[in-house]
Amino acid sequence: MTTNGILQILVFFLIILALTKPMGIFLTSVYAGERTFLSPVFGWLERLVYRLTGIDPAEEMNWKRYAGAMVVFSLASVLFLYVLQRLQFFLPLNPQGLAAPSEHLAFNTAVSFTTNTNWQSYAGESTMSYHTQMAGLTVQNFASAAAGMAVAVAFIRGIARTQTDKLGNFWADLVRGTVYVLLPISFLAAIFFVSQGVVQNFKPYETAALSDPFTVQVDKKDAAGEVVADASGENVKEDLNVDTQSIAQGPAASQLAIKMLGTNGGGFFNANSAHPLENPTPLSNLVQMLLIFLIPAGLTYTMGRMVRSQGHGWAVFAAMSVLFFAGVATAYWAESQGNPLYPGTVDQRVVGGNMEGKETRFGVANSALFATVTTDASCGAVNSMHDSFTPLGGMVPLVNMLLGEVIFGGVGAGMYGILVMVILTVFIAGLMVGRTPEYLGKKVEAYDVQMAMLYALVFPLSILGFAAWSAISTDYGVTSLQDPGAHGLSEILYAYTSGTANNGSAFAGFNANTWWYNTTIGLAMLIGRFLMIIPALAIAGNLASKKVSPPTLGTFPVNTWLFTLLLVSIVLIVGALTFFPVLSLSPIVEHFQMWAGQTF
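Notes on the structure in this doc start here. Per chain, residue numbering runs from 1 following the sequence as it is written. The predicted origin of the model limits local features to residues at a pLDDT of at least 70 and limits the giving and counting of side-chain atom pairs to 80 or more, whereas totals for whole chains, interfaces and linings rest on all residues. As a rule here, side-chain values come from all non-hydrogen atoms in the structure, and water together with hydrogens is ignored.

## Overview of the packing of helix α1 (residues 3–31) against helix α10 (residues 310–336)
Packed helices, taken two at a time, are described by the angle their axes make and the gap between the axes.
Here is step 1: The interhelical angle for the contact between α1 and α10, taken along N-to-C directions, is 160 degrees, at an axis separation of 12 Å. When the axis of α1 is compared with that of α10, the two are roughly antiparallel. Viewed along their axes, α1 and α10 form a crossing whose handedness is right-handed. Along its contact with α1, which presents Gly5, Ile6, Ile9, Leu10, Phe12, Phe13, Leu17 and Thr20, the element α10 presents Trp314, Phe317, Ser321, Phe324, Phe325, Val328 and Tyr332.
Here is step 2: For the contact of α1 with α10, a count of residues per class yields 12 nonpolar, 3 polar and no charged. Angles run from 0 to 180 degrees between N-to-C directions of axes, and those axes are lines fitted to C-alpha atoms, restricted for helices to the stretch in contact. Put simply, DSSP H or I for four residues or longer makes a helix, DSSP E for two residues or longer makes a strand, and each gets a number counted from the N terminus. These descriptions rest on fixed angle ranges, namely under 35 degrees for roughly parallel, over 145 for roughly antiparallel, 65 to 115 for roughly perpendicular, and the rest for oblique. Definitions for this section: a left-handed crossing has its near helix turned counterclockwise from the far helix by less than a right angle. A right-handed crossing has that turn clockwise. Contacts are residue-level and defined by heavy atoms, with any inter-residue pair within 4.5 Å sufficient. Residues are grouped as follows: Ala, Val, Leu, Ile, Met, Phe, Trp, Tyr, Cys and Pro are nonpolar; Asp, Glu, Lys and Arg are charged; every other residue, Gly included, is polar.

## Observations concerning unusual backbone geometry
Here is step 1: With a phi angle near 60 degrees, Asn118 is a residue other than glycine that sits in the positive phi range.
Here is step 2: Counting through the fold element by element, Asn118 comes out in the loop between α4 (103–114) and α5 (124–127).
Here is step 3: Burial status follows relative accessibility: with a 1.4 Å probe on protein chains alone, a residue under 20% of its type maximum counts as buried, one over 50% as exposed, and anything between as partly exposed. The class of Asn118 is buried, set by a relative accessible area of 2%.
Here is step 4: Positive phi outside glycine occurs at Phe408, with the angle close to 70 degrees.
Here is step 5: Mapped onto the elements, Phe408 comes out in the loop between α12 (391–402) and α13 (413–433).

## Focus on the pattern of salt bridges
Here is step 1: Note on definitions: salt bridges are taken to be side-chain nitrogens of Lys or Arg within 4 Å of carboxyl oxygens of Asp or Glu. Within this structure, the stated rule accounts for 14 salt bridges.
Here is step 2: Measuring nitrogen to oxygen at the nearest pair gives 2.8 Å for the salt bridge that ties Arg157 to Asp173. With Arg157 in helix α6 (residues 130–160) and Asp173 in helix α7 (residues 170–196), this pair connects stretches of sequence that are 16 residues apart.
Here is step 3: Across the pair Glu206 and Lys203 runs a salt bridge whose closest N-O atoms are separated by 3.0 Å.

What follows is the structure, given as structure tokens:
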């Protein structure tokens, strides 16, 4: 760890801190339907959408209608994106003539981008056409982010309102979040990224001659394209001379902007934000990380403003910040120690620690910071390969997701996720003092706790169930692994955690593009999105129907450092009790193996 690296992390956090209040105020005004400085520019577009679709923004919905509208919209988006991919070859803007993805890959990708996960079992530049990237994936980056923000605001309304069953209008919230927040910020961000060197064009791929050609051995194939085997059944090898390189092009900057702002994370290129044409400079790297945290941080201030307790909003922000610093400090320290499996003659201090899988233009500090930020939020974009981190360094992004991605979290998802943890926190605080739990003057009753526990139990059931099934299946589970033992289990666990948490990043050392993983990870993404949103909205609807009681001497305040400490403790305890056993069999045991000099 260096002073320079620590200062860069602190500068990043201070910028986020400075942006939290103005962003929170702006979001409050947008979702209240108030006039903002963007109303003269985009007000016509909002009104046009309402007229074309027949939406009445003044018509409010109860939690069941709100959840139903969100689910119907999302499932229709899945179907649209699936069909778009399957017809890709026949559609325009496909200069490389890319074929349609397989049925199971198209299903996985449609679910992935609609649920704000952006898990990718494919390489973008060799699988998806420009048309699919723009009309399909980028559109869903906007739509899924706006839907998550709408649910978060509906949850906050449930806390703020009294003796009503209304949480707002999903369609109006969806339109306002898209028109006033996501579109303008993404437009400006895309222009900035182009200025930094991110490509934005419709050109066919370029072919460049290599200055240093080389030869590789590949499987020999016959005229029919089948691999040739010898008498013993082994694949016959032949030399392949490589003297050219294909340089991918395309409208990357426009997708990059919303993939970061909307905490989507799906890369235009396979290497994601490690690719020099998707993240060219340290400045573009900083702005990408700021975009990831911008809306989730702002929503904490929005929440405090809407519930008329700004101190509560800052207390929640403080809890998220404590968990963020704990994660980034651990990851940076672990990666700075280097890899003990290197020979003793290699001085890893020269490059700052373990540089395997990292870009030299970012270094260890910014790789550890990016990995922490992208998994604190449900983003999933990467500027380094998490599979190449040390066991403890790689455990940080995994634990960030296993905690429910409530450390700022995705746009919307982080806010309603942490608010469910708040419900559990005040419930436990009430039990500790022998009083009926209260949250901002509202009684927390059995129904609220039941829905909160349903929310908390769905998450590990999906992760551990699918991971266990894959780990014991020799036919279709472990056959995709590159690494055996503890690290192989980490790869499986990370995949289903990333899917259920709607993150999308990966320990990419195994082949996920199989019918088994595409299908089951797709199901995990659906579970992690809808079976967690529905209980959250049910809590919001129940809270909105209650009346507010005045605080008494026994009321537990939710705007103090004690509340922050208790909230952090509840998040950690729930995560530790649930996932410590499987973590002890994967990255933790791998850490001790590595430092004992064993390979795995």
